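This is what each chain is made of:
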Amino acid sequence: MESWAGHEVPRLPGRGKPLALYDSARQGVHPSEPADAGSMYVCGITPYDATHLGHAATMITFDLVQRVWRDAGRPVRYVQNVTDIDDPLLERAARDGEDWVVLAMRETALFREDMEALRIIPPEHYVGAVESIPDIADKVEVLLKDGAAYRLDDGTGDVYFDISATGRFGYESNLTREQMLEIFPERGGDPDRAGKRDPLDPLLWRGAREGEPSWPGGELGEGRPGWHIECAVIALNLLGDRIDVQGGGNDLLFPHHEASAAHAERLTGQAPFAEHYVHAGMIGLDGEKMSKSRGNLVFVSRLRADKVDPMAIRLALISGHYRSDRTWTDELLTAAQERLARWRRAAAAPAGPSGAELLAGVRERLADDLDTPGALAVADRWADAALSGATDDPEAPALFATTVDALLGIRL
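Here we summarise the structure given alongside this text. (Residues numbered from 1 in each chain as written. Predicted model: local features only at pLDDT ≥ 70, side-chain atom pairs only at ≥ 80, totals over all residues. Heavy atoms only, no water.)

Topic: the overall build of the protein
Inference 1: Helices and strands together make up the secondary structure of the protein, namely 13 helices and 14 strands.
Inference 2: Here the C-alpha atoms of the protein give a radius of gyration of 22 Å, agreeing with the 22 Å that 2.2 N^0.38 yields for 412 residues.
Inference 3: Dimensions of the protein, computed from the C-alpha atoms along their principal axes, are close to 75 × 45 × 35 Å.
Inference 4: The buried share among the 412 residues of the protein stands at 57%.
Inference 5: Within the protein, residue pairs in contact and separated by at least 24 positions form 78% of the contacts whose partners lie at least 6 positions apart.
Inference 6: Element-wise, carbon and sulfur atoms account for 47% of the exposed surface of the protein, whose accessible area totals about 16700 Å².
Inference 7: Taking the average place of the 44 positive charges on the side chains of the protein and the average place of its 67 negative ones, the gap between the two points comes to 3 Å. (Helix = DSSP H or I, 4+ residues; strand = E, 2+ residues; numbered from the N terminus. Rg over C-alpha atoms; globule rule 2.2 N^0.38 Å. Buried < 20%, exposed > 50% of the residue type's maximum accessible area, 1.4 Å probe, protein only. Contact = heavy atoms within 4.5 Å. Areas by Shrake-Rupley, 256 points an atom, 1.4 Å probe, with all protein chains shown as cover. Lys, Arg positive; Asp, Glu negative; His and termini not counted. Charge placed at Lys NZ, Arg CZ, Asp CG, Glu CD.)

Given below as structure tokens:
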């Protein structure tokens, strides 16, 4: 599957600071210092609707990880998936009387356009679930033969993962069993499915059903993969047995990331699957999480159609810390538009305060668990001084523009 077009990321003088990130499993901020290239897997969209601001905020978070790693001299190996076959996609297509393939292709294309507009550095590999099905089926067969998976005896051909197979299930999310059982059905799980060994066992392979698309699965028979195994297999195939960052929104922490890590760890015999499990907060509207089920979505494409500058959207979304759940408001967008205009005026000033101090300050804040509010405050102070007539450094306005472009992804 094709990714979106990239853009040139400016190079900055010197070298950035090593990145420290919050790891959900260890529940603390820890250094992220890859030995060589930084490896990152981010769970992408299920393309049954347009890109909303929650998607955008998540993708911007991991774009910032890329930028800080690169600035510190680390190459980046980045993989993102597209869940282009899943129940929500089929349900939306059936509701609207549309071919599910056409729906997925259209919304994936729109997502690419939104990512380009927001200046998200594209992944090295952008991979659909459908194109990965042969590899996924092979890995499910491995888990079956290994005793970590089992077939239901109801004739459906469904295969489940036994969560006791790693002896570590639950370490990533740090949830109690009671909390898991409460969340599991809300996020695609089926705890009441008859014949399962444990209510929390996740689906690996769904046997073919009449009226549903299916693919050859070798010894598994016709069917299609479960959600969690898809990401585990794509990541293992393209990034290796252990990765530096597995990322997504905090609604993916359980069961999706917990289960996909368990699958990967059983397949490789190595744990943990990721050095850092990193989760972005949710974007809300009118006091509620922004989600398709609530129908309270603000779409990036709609804002762009209304002539909102994508850089203002990006600035608004990074004005809060990535791990915090936060609310989108008209006032937030207005403040971002005003900040963008002020920064652009400052970048055009004849001189300003020390550009070196500005760069060091932005680098320091971003290296501390992507402290974007702190980085914006550093940039604001510089811009205010430049607009007030500071003339210390005639080269500073150009460095200011380059700094916020390279590190924050804001083109002035």
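Don't stop here, the text continues.
Considerations on the packing of aromatic side chains
Inference 1: Per the stated rule, a full pass over the model turns up nine aromatic pairs.
Inference 2: Where Trp4 meets Phe111, the ring centres are 5.8 Å apart and the plane angle is 85°; that geometry is what we call edge-to-face. Of this pair, Trp4 sits in the segment before strand 1 (19–23) while Phe111 sits in helix 3 (residues 100–117); the two residues are 107 residues apart in sequence, bridging distant segments of the chain.
Inference 3: When the centroid spacing of 6.1 Å and the interplanar angle of 70° are considered together, the rings of Tyr171 and Tyr277 count as edge-to-face. Of this pair, Tyr171 sits in the loop between strand 7 (159–161) and helix 5 (177–183) while Tyr277 sits in strand 11 (residues 274–280), and the two are 106 residues apart along the sequence. With respect to burial, Tyr171 and Tyr277 carry one shared label: buried. (Phe/Tyr/Trp six-rings, centres within 6.5 Å; stacked < 30°, edge-to-face > 60°.)

Some points on the pattern of salt bridges
Inference 1: All told, the structure shown has 33 salt bridges when counted by the stated rule.
Inference 2: As a salt-bridge pair, Arg193 and Asp158 come within 2.9 Å of each other at their nearest N and O atoms. Note that Arg193 is positioned in the loop between helix 5 and strand 8 (203–207) and Asp158 in the loop between strand 6 (149–151) and strand 7, a separation of 35 residues in sequence.
Inference 3: A cluster of three or more residues bridged by salt bridges with shared partners is formed by Asp23, Arg26, Arg242 and Glu275. (Salt bridge = Lys/Arg side-chain N within 4 Å of Asp/Glu carboxyl O.)

What about unusual backbone geometry?
Inference 1: For the peptide bond that leads from Phe254 to Pro255, omega is 5°, which places it in the cis range.
Inference 2: Following the sequence through the fold, Pro255 ends up in helix 7 (residues 253–268).
Inference 3: The amide bond that connects Ala271 to the next residue, Pro272, takes the cis arrangement and shows omega of 0°.
Inference 4: Unlike most non-glycine residues, Gln27 shows phi in positive territory, near 55°.
Inference 5: Here Gln27 is to be found in the loop between strand 1 and strand 2 (28–32).

Nothing here speaks to function; it is geometry throughout.
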